[in-house]
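Here are the chains, one letter per residue:
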Amino acid sequence: MDTKSLVKLAKSLSDPSRLRMLQEIARAQRLGCANLYAFVPISQSSMSQHVKALVDAGLVDSCKEGRNMYLTINTEKLQELESFLQLLKMP
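Residues numbered from 1 in each chain as written. Predicted model: local features only at pLDDT ≥ 70, side-chain atom pairs only at ≥ 80, totals over all residues. Heavy atoms only, no water.

- Identification of the protein chain as Metalloregulator ArsR/SmtB family transcription factor from Hymenobacter tibetensis is taken from an unreviewed UniProt entry.

Here you go:
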């Protein structure tokens, strides 16, 4: 994982609302943006900004179906992050 990607990923994880959103997307495995309001009661524009940050960092994949946007966790990106963190543990 390159430094630029890692910084973007770390910044996206630094917000409590985005962390909560990630938890709920992971729990549901696939979650509509509209359903996130139940867990993170913020304005639609704030929600859009947070979703964009997660997608741009690569943590979340989005899929538009009709008028609805569905979100899933990008497990490959999580694996990259996990691998990076494991490297920090090695002497």
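## Notes on the packing of aromatic side chains
Here is step 1 of the chain: For the coordinates displayed, the defined rule picks out zero aromatic pairs.
Here is step 2 of the chain: Taking NZ or CZ as reference, Arg30 lies 4.0 Å from the ring centre of Tyr70, over its face. (Phe/Tyr/Trp six-rings, centres within 6.5 Å; stacked < 30°, edge-to-face > 60°. Lys NZ or Arg CZ within 6 Å of the ring centre and 35° of its normal.)

## As for unusual backbone geometry
Phi is mostly negative for residues that are not glycine, and the peptide bonds are mostly trans.
Here is step 1 of the chain: Of note, the phi angle at Gln29 is positive, near 75 degrees, even though the residue is not glycine.
Here is step 2 of the chain: Note on placement: Gln29 falls in the loop between α2 (16–28) and β1 (31–32). (Helix = DSSP H or I, 4+ residues; strand = E, 2+ residues; numbered from the N terminus.)

## A look at the pairing of strand β3 (residues 68–73)
Each regular strand shows side chains that alternate between the opposite faces of the sheet.
Here is step 1 of the chain: Relative to β3, β1 is paired through two bridges, and the arrangement is antiparallel. Bridge pairing in β3 places Leu31 opposite Leu71.
Here is step 2 of the chain: Note that strand β2 (residues 60–65) and β3 share six bridges and pair antiparallel. Bridge pairing in β3 places Lys64 opposite Met69. (Pairing = 2+ DSSP bridges.)

## Quick notes on the side chain of Asp15
Here is step 1 of the chain: As for its placement among the helices and strands, Asp15 is situated in the loop between α1 (3–13) and α2.
Here is step 2 of the chain: Within the buried core, Asp15 has no salt-bridge partner, and the shortest N-O distance to an opposite charge, that of Arg18, equals 4.5 Å. (Buried < 20%, exposed > 50% of the residue type's maximum accessible area, 1.4 Å probe, protein only. Lys, Arg positive; Asp, Glu negative; His and termini not counted. Salt bridge = Lys/Arg side-chain N within 4 Å of Asp/Glu carboxyl O.)

## A look at the packing of α1 against helix α4 (residues 44–57)
Here is step 1 of the chain: Contact pair α1 / α4: the axes reach a minimum separation of 9 Å and the direction vectors enclose 150 degrees. Considering the angle they form, α1 stands roughly antiparallel to α4. Where α1 crosses over α4, the handedness of that crossing is left-handed. Two secondary-structure elements touch here, α1 through Lys8, Leu9 and Ser12 and α4 through Ala53, Leu54, Asp56 and Ala57.
Here is step 2 of the chain: Classifying every residue of the contact of α1 with α4 gives four nonpolar, one polar and two charged. (Axes fitted to C-alpha atoms, helices over the stretch in contact; angles between N-to-C directions. Parallel < 35°, antiparallel > 145°, perpendicular 65-115°, else oblique. Left-handed = near helix turned anticlockwise from the far one by under 90°. Contact = heavy atoms within 4.5 Å. Nonpolar A, V, L, I, M, F, W, Y, C, P; charged D, E, K, R; others polar.)

## Side note on the side chain of Lys77
Here is step 1 of the chain: Along the chain, Lys77 falls in helix α5 (residues 75–89).
Here is step 2 of the chain: Residue class for Lys77 comes out buried when judged on its relative accessible area of 14%.

## So, the UniProt feature "domain: HTH arsR-type" (unreviewed entry) in the protein chain
Here is step 1 of the chain: UniProt records the feature "domain: HTH arsR-type" (unreviewed entry) at residues 1–91, using the numbering of this structure.
Here is step 2 of the chain: For residues 1–91, helix accounts for 63% and strand for 15%, while the C-alpha atoms at its two ends are 19 Å apart. (UniProt positions renumbered as here; feature names shortened; annotations may be inferred.)

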